[in-house]
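# Breakdown of the fold
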Amino acid sequence: MTGTTIAAISTPQAEGGIAVIRISGSKALEIADKVFKTASGRLPSEMKGYTCAYGHSVKGAEIIDEGVLTVFRAPKSYTGEDVVEISCHGGIYVSRQTLRTIIEAGAVPAGAGEFTKRAFEFGKISLIEAEAVMDIISADSERELKFARSLQEGAVYRRIRKIIDKIVEVLGALAAWADYPEDDIPEVEPLALKENLTDIHSDLLETISTSDYGRIIKEGVSAVIIGRPNVGKSTLFNLLSGCERSIVTDIAGTTRDVVEESIRLGDVTLRLWDTAGLRDTDDVIEKIGVNIARERLERADLVLAVFDGTESLRKEDEELLQRLKGKRTIAVINKIDKTSESALMEHMSGQFERCIGMSAKEGTGLEGLRESIEEMFYNGEVTPEMGILSNERQLECARSAERAVLMALEALEAGENLDAVTVLLDEAAEDLMNLTGERVSEKVVEDVFSRFCVGK
């Protein structure tokens, strides 16, 4: 409810140099008058927007802490309401005491994401821009931050809005021709309509295709280390992890389960899996590990296929080569510190676009691996300004719209009444406006903001 005045600590609930308590609502200034005494004696309610005052947070005549109060007047505030922020010392107890006093003075505790939700409800930001707020907070790389900022600045909204406008234009032509047949309005030509729908459908498919990149930007590249036993998979995994996460021995079949670790390699986040060596085995437990490894191979964004540079290819290596066809793969020729033989490297370079010589034991070749991964996933073809779908909600809305437009195309080609095409295009436009938040249900809004932290 936007009728209430809400309050929360907007900084992390931990000791720090400063804590910020935010108040938003019609009674924000009235409550501030009760809980903060400025050094000048001026009431917060008498202050202009975008002004600050030094003073003390108080409970009656008792001083709680010194701090700075900032006033933001509606509608020029984050939420669109009157907003007051009190910056005090960053102790857990003192910040909570200040918040408790604010609540006793008439505010109610803010729910998760309620400040940003109010900004959405007051038209300050779109739903996509609201989602970008959490992406900015959770960003842990320069690239991730750039894409989150582009989302907040409307890159996705503008992309989707262009598609909506195309659909609305077609709907307008269909409605005018259907509603005013006596007027001098050109008949909707099936061929021209098909071209327009095909164009809209292509735009939607292209937009949907960005979701994989959006997922990788947010979650990292899911990468699996694969190969036959004893080629150095676990040694490579430990090198990339920076610690002994996988057991390394000369005994084939040591790794029987999947070991997972999230690591940083340069500007790349890898969700890395070390797997059991691929081979035929009668060991029941090892066989389960091999099956899991094959399943991970099918799901991964990237395969690091490890081969022993000191040996010729074995049957298991040849079988792996067959499984890797059509997959994003970097061939890692390991143990190059033990051999000067380059025949395997030359052979693999003909098999794969990217082939790296490494010694996982000695730690050599890591830079070449990093460069190859960055070139593969961050090659500059996708830029923040393009507008990248960033989560499952956005993707499902786009997919639903794409299905509706495809059905409209099929209905047109089947010679069905244009009313059917109109209904399907209406559904597509509705889906896309759900994506932007222009016609989103309250249930969806609640779900989006439930993922936010309290105070944001």
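Being a predicted model, the structure only gives us computed values, none of them experimental.

### Re the side chain of Ser390
Following the sequence through the fold, Ser390 ends up in the loop between helix H12 (366-377) and helix H13 (392-413). Using a relative accessible area of 11% as the deciding quantity, one classes Ser390 as buried. Apart from residues no more than four positions distant in its own chain, Ser390 is found in contact with Asp135, Leu151 and Lys218.

### Thoughts on the packing of H13 against helix H14 (residues 418-436)
Relative to each other, H13 and H14 sit at 170°, their axes nearing to 8 Å. For the element pair H13 / H14, the angle class is roughly antiparallel. Seen from H13, the contacting residues are Arg393, Gln394, Cys397, Ala398, Ser400, Ala401, Ala404, Val405, Met407, Ala408, Ala411 and Leu412; seen from H14, they are Leu418, Val421, Leu424, Leu425, Glu427, Ala428, Asp431, Leu432, Asn434 and Leu435. Of the residues belonging to the contact of H13 with H14, the class tally is 16 nonpolar, three polar and three charged.

### Looking at the pairing of strand E5 (residues 62-72)
Pairing of strand E4 (residues 51-59) with E5, which is carried by nine bridges, proceeds in the antiparallel orientation. Note on E5: the bridge partner recorded for His56 is Glu66.

### Remarks on helix H15 (residues 442-449)
Those residues of H15 lying buried are Val445, Val448 and Phe449. Looking straight down H15, one finds its buried side chains confined to an arc of 85°; they lie on one side. Its buried side turned inward, H15 meets helix H3 (114-121), helix H4 (127-138) and H13.

### Points about the side chain of Ser150
Summarising the element assignment, Ser150 is placed in helix H5 (residues 142-152). In contact with Ser150, not counting residues within four places along its chain, are Ala155 and Pro384.

### A word on the pattern of salt bridges
In the structure shown here, the tally under the stated rule is 23 salt bridges. The partner of Arg161 in a salt bridge is Glu438, with the nearest N and O atoms 2.5 Å apart. Separated by 277 residues along the polypeptide, Arg161 in helix H6 (residues 155-179) and Glu438 in the loop between H14 and H15 bring together distant segments of the chain. Classification of Glu438 by relative accessible area gives partly exposed; the value is 37%. The salt bridge involving Glu311 is made with Arg314; its shortest N-O contact spans 2.9 Å. Counted as one network, the salt bridges with shared partners bring together Arg228, Glu311, Arg314 and Asp317.

### Some words on the environment of Ala401
By the element assignment, Ala401 lies in helix H13. As for Ala401 and Asp431, which are separated by 30 residues in sequence, their C-alpha atoms are 5.5 Å apart. Apart from residues lying up to four places away in sequence, Ala401 is in contact with Leu204, Ala428, Asp431 and Leu432.

### Quick word on the packing of aromatic side chains
Overall, the coordinates contain one aromatic pair when judged by the stated rule. Cation over ring: Arg22 sits above Phe115, and NZ or CZ is 5.2 Å from the ring centre.

### Remarks on the sheet that holds strand E2 (residues 16-24)
Pairing within the open sheet is mixed, and its seven strands lie in the order E3-E4-E5-E6-E2-E1-E7. Both edges of this open sheet fall to strand E3 (36-38) and strand E7 (108-109), since each of them pairs with a single strand only. One ladder, built from two bridges, connects strand E1 (residues 6-9) with E7; its direction is parallel. Following the sheet pairing, Ile6 is matched in E7 by Val108.

### Some details on the confidence of the model for the protein
Atomic detail in the predicted coordinates should be set aside for any region of low pLDDT. Residues of the protein with pLDDT of at least 70 account for 87%, and the chain-wide mean is 83. Counting contacts from residues 243-257, a segment whose pLDDT is below 50, to residues more than four positions away or on other chains yields 42 contacts.

### So, empty space enclosed by the protein
On inspection of all chains with the given rule, the structure shows one cavity of 30 Å³ or more. Computed from the structure, the largest cavity encloses a volume of approximately 110 Å³. Lining the largest cavity, in full, are Asp135, Glu144, Phe147, Ala148, Ser150, Leu151, Gly214, Ile217, Lys218, Ile388 and Ser390. Residue assignment for the lining of the largest cavity shows that the elements contributing at least two residues are H5 and helix H7 (190-219).

### Focus on the environment of Asp199
Following the sequence through the fold, Asp199 ends up in helix H7. On the basis of relative accessibility, which here comes to 35%, the residue Asp199 falls in the partly exposed class. Residues Asp199 and Lys166 lie 33 residues apart in sequence; the distance between their C-alpha atoms is 9.1 Å.

### A word on the pairing of strand E8 (residues 221-226)
Regular strands place side chains that alternate from one sheet face to the opposite one. Most of E8 is tucked away: six of the six residues are buried. Neither face of E8 is exposed, since Val221, Ala223 and Ile225 on one face and Ser222, Val224 and Ile226 on the opposite face are all buried. Across five bridges, E8 lies against strand E10 (residues 268-274) in parallel orientation. Bridged to Ser222 within E10 is Arg271. Pairing analysis gives four bridges linking E8 to strand E11 (residues 302-308), with the strands arranged parallel.

Cut-offs used in this document
- Residues numbered from 1 in each chain as written.
- Predicted model: local features only at pLDDT ≥ 70, side-chain atom pairs only at ≥ 80, totals over all residues.
- Heavy atoms only, no water.
- Helix = DSSP H or I, 4+ residues; strand = E, 2+ residues; numbered from the N terminus.
- Buried < 20%, exposed > 50% of the residue type's maximum accessible area, 1.4 Å probe, protein only.
- Contact = heavy atoms within 4.5 Å.
- Axes fitted to C-alpha atoms, helices over the stretch in contact; angles between N-to-C directions.
- Parallel < 35°, antiparallel > 145°, perpendicular 65-115°, else oblique.
- Nonpolar A, V, L, I, M, F, W, Y, C, P; charged D, E, K, R; others polar.
- Pairing = 2+ DSSP bridges.
- Arc of directions from axis to C-beta.
- Salt bridge = Lys/Arg side-chain N within 4 Å of Asp/Glu carboxyl O.
- Phe/Tyr/Trp six-rings, centres within 6.5 Å; stacked < 30°, edge-to-face > 60°.
- Lys NZ or Arg CZ within 6 Å of the ring centre and 35° of its normal.
- pLDDT = per-residue confidence, 0-100.
- 1 Å grid on protein atoms, 1.4 Å probe; cavity = no way out; pocket = protein on both sides within 12 Å on 5 of 7 lines; lining within 4 Å.
- Points joined across faces, edges and corners; volume = space filled by probe spheres on them.

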